[in-house]
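Below are the chains, spelled out letter by letter.
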Amino acid sequence: MEPGPALPAAPTAGPRGGVELAEIFRTHGEAFRRTHRLNRAQRRAMRAIETCRTAALGGHRDVCDHCGAERLSYNSCRNRHCPKCQSLATARWLDARRAELLPVEYLHVVFTLPHALYTLLDHNARLLYSLLFRTTAATLSAFAHDPRHLGGELGVTAVLHTWGQTLTQHVHLHCIVTGGALAADGSRWIPTKPGFLFPVRALAQVFRAKYLEALDRAAAAGTLTLPDSLSAPGTFHAWLASLRQQAWVVYAKPPFAGPEQVLQYLGRYTHRVALSNDRLVDLHDGVVRFRWKDYTDDDRVKIMALPAEEFMRRFLLHIVPERFVRIRHFGFLANRARETKLERCRQLLGPPLPPPAPTEESVPALLLRLTGIDIERCHVCGLGRLGCVEILRPTHPARPALALAPDTS
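Residues numbered from 1 in each chain as written. Predicted model: local features only at pLDDT ≥ 70, side-chain atom pairs only at ≥ 80, totals over all residues. Heavy atoms only, no water.

Undergrad: Got a minute to help me understand helix H8 (residues 308-316) in this structure?
TA: Given 3.6 residues to a turn, an α-helix orients residues that are three or four positions apart in the same direction. Among all positions in H8, only Ala308, Phe311, Met312, Arg314, Phe315 and Leu316 are buried. In the core, the buried residues of H8 are packed alongside helix H1 (21-35), helix H2 (40-51), strand S11 (280-284), strand S12 (287-294) and strand S13 (300-307). (Buried < 20%, exposed > 50% of the residue type's maximum accessible area, 1.4 Å probe, protein only. Helix = DSSP H or I, 4+ residues; strand = E, 2+ residues; numbered from the N terminus. Contact = heavy atoms within 4.5 Å.)

The following block contains the structure:
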């Protein structure tokens, strides 16, 4: 994968004057790597974040055609865990989704893995996350196709999040679901009751059964790596039996007011990383302070202080496996039949034609549309245009920090 677009060199201070994640990694990352065993995705993410928009990735020198002022612009890493590289990816993804929205209510359902399963995550993250997507889709599909509920096919967009506010593990799937289904024969649109999809307790029970059954099959097939605590004969199945007795959490959030609100939500959450730079307060004497929202205390914003080593350990828990797709579509939004089924839904619902799919915009044009900032205009005189006069080669060409898969299916 080629480096991302070259942007003006980023300052080390965050948006509110605090430190950036890159500075924490540059200051403490080398010592952390020497004392912790990291997988390949974690190493690459660290290196990408450390070098993003620095001379290490190369860039170019621009000169104003009016006043002669110079500006250095360095390449971005485009790593999906980098907090500085998500805005353009989000904007382009939302443009593609805008044409897929229907004039119906959209509902928000969250499926959560119980904490007891986290003991398997170290060696089975890809499997556990995949099963979460698969069994969530199967659960929603089973309810949707049941004529006692809808008797048709839903459209679902699911987004994986693995973190809580304090960077601890909290693995859950946000599902944006159409408030209705396309009949199996395509003859009609079947709406849900306003503000209601399916009973969440029943969803949770079916989800639990499907997930544990899939986990048991994976263990029998030898694709699940068991920790020592579960490797003794009979221990794993006894542990599964205990999980069957627990109440699993599936909850419905308030429905969206309309398609535009869906886009606003997706814009905030689809390409979010575990912690953004604007939540960081400072780095002092090896201690990182950052803001977090305490949902148990009326959503009050508080400050948490962690040693840099523990902060990095927590952040790296949320580096998903390489080439793992973190945003997926199910039902009539699945890639294999999306266009055909969406067209049929529109025919049945009778909305106006969606806006045409946007043409690929250049980075300067996209930034101008999103922020009103023209990065090609001279920052000194405000009159001239900046043109590239020199390509700056990477200072560490032998240490690639790029090449992570796209997040969407």
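Undergrad: What's the story with the sheet that holds strand S5 (residues 152-153) in this structure? I'm lost.
TA: Whether parallel or antiparallel, the strands of a sheet pair through hydrogen bonds between backbone atoms. Reading across the sheet, the three strands line up as S5-S8-S9 and stay open at both edges, with antiparallel pairing between neighbours. Each edge of the sheet is formed by a strand with only one pairing partner; in this case those strands are S5 and strand S9 (189-191). Here strand S8 (residues 180-183) pairs with S9 via three bridges, running antiparallel. By the bridge assignment, Ala181 is partnered in S9 with Ile190. Contacts from helix H9 (residues 338-349) reach S5, S8 and S9 within the one sheet, and its direction differs from that of S8 by about 105°. (Pairing = 2+ DSSP bridges. Axes fitted to C-alpha atoms, helices over the stretch in contact; angles between N-to-C directions.)

Undergrad: For this particular structure, what's the right way to read the environment of Asp62?
TA: Looking at where Asp62 falls in the secondary structure, it is placed in strand S2 (residues 59-64). Relative accessible area serves as the criterion here: at 4%, Asp62 is assigned to the buried category. If we ignore the near neighbours within four places in the chain, the residues touching Asp62 are Ala69, Glu70, Arg71, Ser73, Leu386, Gly387 and Cys388. Here His60 takes part through its side chain, which lies 2.7 Å from a polar atom of the side chain of Asp62. (Polar contact = N/O pair within 3.5 Å; in protein donor to acceptor, adjacent residues only side chain to side chain.)

Undergrad: How do you make sense of the packing of helix H4 (residues 121-145) against helix H5 (residues 200-221) when you look at a structure like this?
TA: When two helices pack together, their arrangement is given by the angle between the helix axes and by the axis-to-axis distance. As a packed pair, H4 and H5 sit with axes 9 Å apart at the nearest point and diverge in direction by 135°. Classified by the interaxial angle, the pair formed by H4 and H5 is oblique. The two elements H4 and H5 meet at a crossing, and its hand is right-handed. On the side of H4, the interface is formed by Leu127, Leu128, Leu131, Leu132, Thr135, Thr136, Ala138, Thr139, Leu140 and Phe143, while H5 contributes Ala202, Leu203, Val206, Phe207, Lys210, Tyr211, Ala214, Leu215 and Ala218. (Parallel < 35°, antiparallel > 145°, perpendicular 65-115°, else oblique. Left-handed = near helix turned anticlockwise from the far one by under 90°.)

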